[in-house]
Every structure is written in C-alpha cells, then in structure tokens.
Amino acid sequence: MRGWWQDLSDLVLPAECAGCGRPRAVLCPRCRTALSGAAPRRVRPEPMPPGLPAVHAAAAYADEVRALLLAHKERGALALARPLGEALAGAVRAGLRQAGDGGVSGSRRVSGDGCVLLVPVPSARAAVRARGHDAARRIALAAAGELRRGGTPVRVAAVLRQRRAVADQAGLDSRQRLANLAGALGVVPGGDRLLARGPVVLVDDLLTTGASLTEAARAVRAVADSGVSAVYRRAGGEGREEHGAAVPEGRPDRAHLRWGMRDGNRAGRVVCAAVVAASPDSFELNRN
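Attention here is on the structure that accompanies the text. Since we're looking at a predicted model, the values are computed, not measured.

### Observations regarding the overall build of the chain
Right, so step 1: Check the secondary structure of the chain and you find 11 helices and 8 strands.
Right, so step 2: Here the chain, with 288 residues, has 48% of them falling under the buried criterion.
Right, so step 3: Counting contacts in the chain only where the partners sit at least 6 residues apart, residues at least 24 apart contribute 71% of the total.
Right, so step 4: For the chain, the accessible surface area stands at approximately 13700 Å², while carbon and sulfur atoms represent 50% of it.

### Describing the sheet that holds strand 3 (residues 116-120)
Right, so step 1: As summarised here, the arrangement of the 6 strands in space is 1-2-8-7-3-4, forming an open sheet in which the pairing is mixed. One side of each edge strand has no neighbouring strand; the edge strands of this open sheet are strand 1 (41-43) and strand 4 (154-156). Averaged over all pairs of adjacent strands, the angle between strand axes in this sheet comes to 35°, irrespective of strand direction.
Right, so step 2: The sheet contact formed by strand 7 (residues 200-207) and strand 8 (residues 270-278) spans 7 bridges and is parallel. Residue pairing in the sheet places Val200 in a bridge with Val270 of strand 8.
Right, so step 3: Against the sheet, helix 4 (residues 81-99) contacts strand 1, strand 2 (55-60), strand 3, strand 7 and strand 8, and its axis sits at roughly 145° relative to strand 8.

### A few points about the pattern of salt bridges
Right, so step 1: Counted by the stated rule, this structure contains 8 salt bridges.
Right, so step 2: In this structure, Arg32 and Glu86 form a salt bridge, with 3.6 Å as the shortest nitrogen-oxygen distance. Residue Arg32 is found in helix 2 (residues 29-36), and its partner Glu86 is found in helix 4; the two are separated by 54 residues along the sequence.
Right, so step 3: Given the relative accessible area of 38%, Arg32 is considered partly exposed.
Right, so step 4: Of the residues examined, Glu86 reaches a relative accessible area of 26% and is grouped as partly exposed.
Right, so step 5: Between Arg149 and Glu146 there is a salt bridge; the shortest N-O distance is 3.2 Å.

### Details of the side chain of His72
Right, so step 1: Turning to its location among the elements, His72 is positioned in helix 3 (residues 63-75).
Right, so step 2: Excluding anything up to four places from it in sequence, His72 contacts Ala77, Leu78, Leu80, Ala81, Leu84, His133, Ala135, Arg138 and Ile139.

Definitions and cut-offs
Residues numbered from 1 in each chain as written. Predicted model: local features only at pLDDT ≥ 70, side-chain atom pairs only at ≥ 80, totals over all residues. Heavy atoms only, no water. Helix = DSSP H or I, 4+ residues; strand = E, 2+ residues; numbered from the N terminus. Buried < 20%, exposed > 50% of the residue type's maximum accessible area, 1.4 Å probe, protein only. Contact = heavy atoms within 4.5 Å. Areas by Shrake-Rupley, 256 points an atom, 1.4 Å probe, with all protein chains shown as cover. Pairing = 2+ DSSP bridges. Axes fitted to C-alpha atoms, helices over the stretch in contact; angles between N-to-C directions. Salt bridge = Lys/Arg side-chain N within 4 Å of Asp/Glu carboxyl O.

In structure tokens, the structure reads:
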C-alpha cells in the first residue's frame, strides 16, 4: 500500500507522464488529447451481452490511454483521477443525451432529489485492499465534480457490492465472464433508498466484454423491479406494507412516484452506462 508521502509527491513533483513517460508532467498534452480529445461514442462489445445498457466511452483502450488507466488503478497514480473523471463525465453526458435525459435539471422525468446517480461497478474487496484505493469509485467522484461544475445535478451512489467470490476474469472469454459474474453483485442494505433519488448511470473505468456492466445493471434492475413496495415500506408515515405488497391504487405516495410509476419518471432505473475507455473493436463495430 502506498504511503501518504508518495501520494503527495506524485501531486507536487510528478516524475513523468503516466501515458508516455514525458518527464515532469502528470499528463502531457498529447496524452490528454488521446484521452479526451475526441467526442465520446457509443460502444458495443461483440458478442453483445443480453441486458447490457447503452454504453458510451471517451476513448479506445490502447497505447497511452491503456497506460493511464493502469497507472491509476494498479500503481496508485492518484493525480490522474481528475483527468480520467473529466473523460468519464463526457461519456456520461453523451449517454444522457442519447437517453433523452440531457436536460436533467428541471425535468419531470427525475424524481426524488432531482439528480442523476452515478453507480460505480465495484471491485473485489481484496483487490481494493491490495491497490490501496477503489479506482472506479475515485474516478466516479471526479466525474461527478466535473458534471456539477457544468450544471448537471449528480451524486455518486456506491451501492453495489460483491456478494460472493468470483474467479479472476483474466483469460476468460465473453461467455465465461458472464457466467462467472452472474448473480455476483447486490445492492447494500439501504441502497434502495439511495437509488430511489434519481435515474441511474452505471460507470466503470473500462469495458471489454461488457460482463461487469451487465451484472451491475441486473443488480440495480432487481431492486428497481421490487422497489415500489420496498421503498413504500420505508417512506415516511402511514400505510407501511410488507415487501411484495402493492401500493394502494389511487394514492400518490412518495414511494410510488419515486420509482417512476407515473409521469414517465426514471428514478431508480438504469438509463445508460459510461466508461473511460473501451476495447478498440467495440468502436469498430459501432461504425457498421
């Protein structure tokens, strides 16, 4: 695990650009352009996993961009969180525009707190301990700051956790990764109340086969599909119901509105996903 003095020295006296090795730069202009110089685009892995939401990526996972993501995740180059977050924010904006939620502020489609929820895909606890930080969550927090500065109401809701052990994904093909992760993620206790506050954008640093985002989407949708009664049971006041009971017809309870059962609200629903980078092949397929 990195010491605090190492993190401070990286911020104050960066040794070299993590993308290309240029001295005395956290991120040189050329590598910044590789990361964020192009408009984010829709990406589609092949084969396309059933249940994968629409995904936008800021850059292709190759060369300098690959080096940047690995430096941040595996070597603790924390100063890269902000530029990676800015790239992710661009992909989130692109996804919201395509989903029709680009003008989130003031939209009737957003209920609860009236903000977009960025839900990062969680890493295994052992991996977080070994790295000394949660890379996806850190990038999501940086992206949320960038989005808020641009006027988009947003918060990070880190509500997903691994609920069982999974095998190392390295060396597994798309089908094997889907099977390995099936049912592996769940929403933490109380997470349903957070998810009831706005539409969900799943976020991660990287898309390869789409298995992780597909499983994350399944976990969130499972809560959303059963969440009317769950949130109704908790949401203030009277008429608390057992899990599975329907909201009484004709009553505009807050829980009913939160879960998007009226007026086209999308609170608690996965509207899209966004990543910093995706495999180059997913961009190629997007052009066909």
